[in-house]
Amino acid sequence: MPYLEDLTLYYRKGCPYCQKVFRCMEENNINLDKRDISQPGNQNDLVKIGGKKQVPCLVINGKALYESDDIVAYLEGVPVAQA
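Everything quoted here is computed from the prediction, not taken from an experiment.

1. A word on the packing of helix α1 (residues 16–27) against helix α3 (residues 68–77)
Their axes nearest at 9 Å, the elements α1 and α3 cross at an angle of 10°. Between α1 and α3, the interaxial angle falls into the category roughly parallel. Here α1 contributes Tyr17, Lys20, Val21, Cys24 and Met25 to the contact with α3, which in turn contributes Ser68, Asp69, Ile71, Val72, Leu75 and Glu76.

Structure (structure tokens):
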């Protein structure tokens, strides 16, 4: 599974919108940095980046993208080299 650099997904366990993004990632063999906001410091980092605690949040080169549908659309459009 290729690893996509410069992308970080902030999520919360049990969030159905986050699970939707995870399903998309699994179906499209996408691997990227994932950070659970319940872990120390991650929620603070998320707020610094995007100004709010909302998840899922995909950080693309330092810019926040919210809303699971928008994140899924972005990820489905990312060209992923097959390993």
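2. A word on the packing of aromatic side chains
Here the structure, examined in full by the defined rule, presents one aromatic pair. Here tyrosine 11 and phenylalanine 22 contribute two aromatic rings whose centre-to-centre distance is 5.0 Å and whose plane-to-plane angle is 75°, an arrangement assigned as edge-to-face. With tyrosine 11 in strand β1 (residues 3–11) and phenylalanine 22 in helix α1, the pair connects residues that are 11 residues apart, well separated along the chain. On the basis of relative accessible area, tyrosine 11 is assigned to the buried category, the value being 14%. The aromatic ring of tyrosine 66 is capped on one face by lysine 52, whose charged end is 4.4 Å from the ring centroid.

3. Examining the pattern of salt bridges
Following the criterion strictly, the structure yields two salt bridges and no others. Here lysine 20 ties to aspartate 69 by a salt bridge, and the two come within 2.1 Å at their closest N and O atoms. Separated by 49 residues along the polypeptide, lysine 20 in helix α1 and aspartate 69 in helix α3 bring together distant segments of the chain. On the basis of relative accessible area, lysine 20 is assigned to the partly exposed category, the value being 29%. Across the pair aspartate 33 and arginine 35 runs a salt bridge, and its minimum N-O distance is 2.8 Å.

4. Section: the nonpolar core
Counting 23 residues, the largest nonpolar core has Met25, Leu32, Leu58 and Leu75 as its most contacted members. For this core, the element with the most residues is α1, which contributes five residues.

5. A look at α1
Taking 1.5 Å as the rise per residue, α1 with 12 residues should run 16 Å; its terminal C-alpha atoms sit 16 Å apart, in good agreement. For α1, the complete set of buried residues consists of Cys18, Val21, Phe22, Cys24 and Met25. Each buried residue of α1 sits inside an arc of 160° when the element is viewed along its axis, so together they form one side. Counted as exposed and oriented over 90 degrees from the buried face of α1: Pro16, Glu26 and Glu27. Of the residues one or two after α1, asparagine 29 is the one with positive phi, at around 55°.

Definitions and limits used
- Residues numbered from 1 in each chain as written.
- Predicted model: local features only at pLDDT ≥ 70, side-chain atom pairs only at ≥ 80, totals over all residues.
- Heavy atoms only, no water.
- Axes fitted to C-alpha atoms, helices over the stretch in contact; angles between N-to-C directions.
- Helix = DSSP H or I, 4+ residues; strand = E, 2+ residues; numbered from the N terminus.
- Parallel < 35°, antiparallel > 145°, perpendicular 65-115°, else oblique.
- Contact = heavy atoms within 4.5 Å.
- Phe/Tyr/Trp six-rings, centres within 6.5 Å; stacked < 30°, edge-to-face > 60°.
- Buried < 20%, exposed > 50% of the residue type's maximum accessible area, 1.4 Å probe, protein only.
- Lys NZ or Arg CZ within 6 Å of the ring centre and 35° of its normal.
- Salt bridge = Lys/Arg side-chain N within 4 Å of Asp/Glu carboxyl O.
- Core = buried A, V, L, I, M, F, W, Y, C linked by side-chain atoms within 4.5 Å.
- Expected span 1.5 Å × (residues − 1).
- Arc of directions from axis to C-beta.

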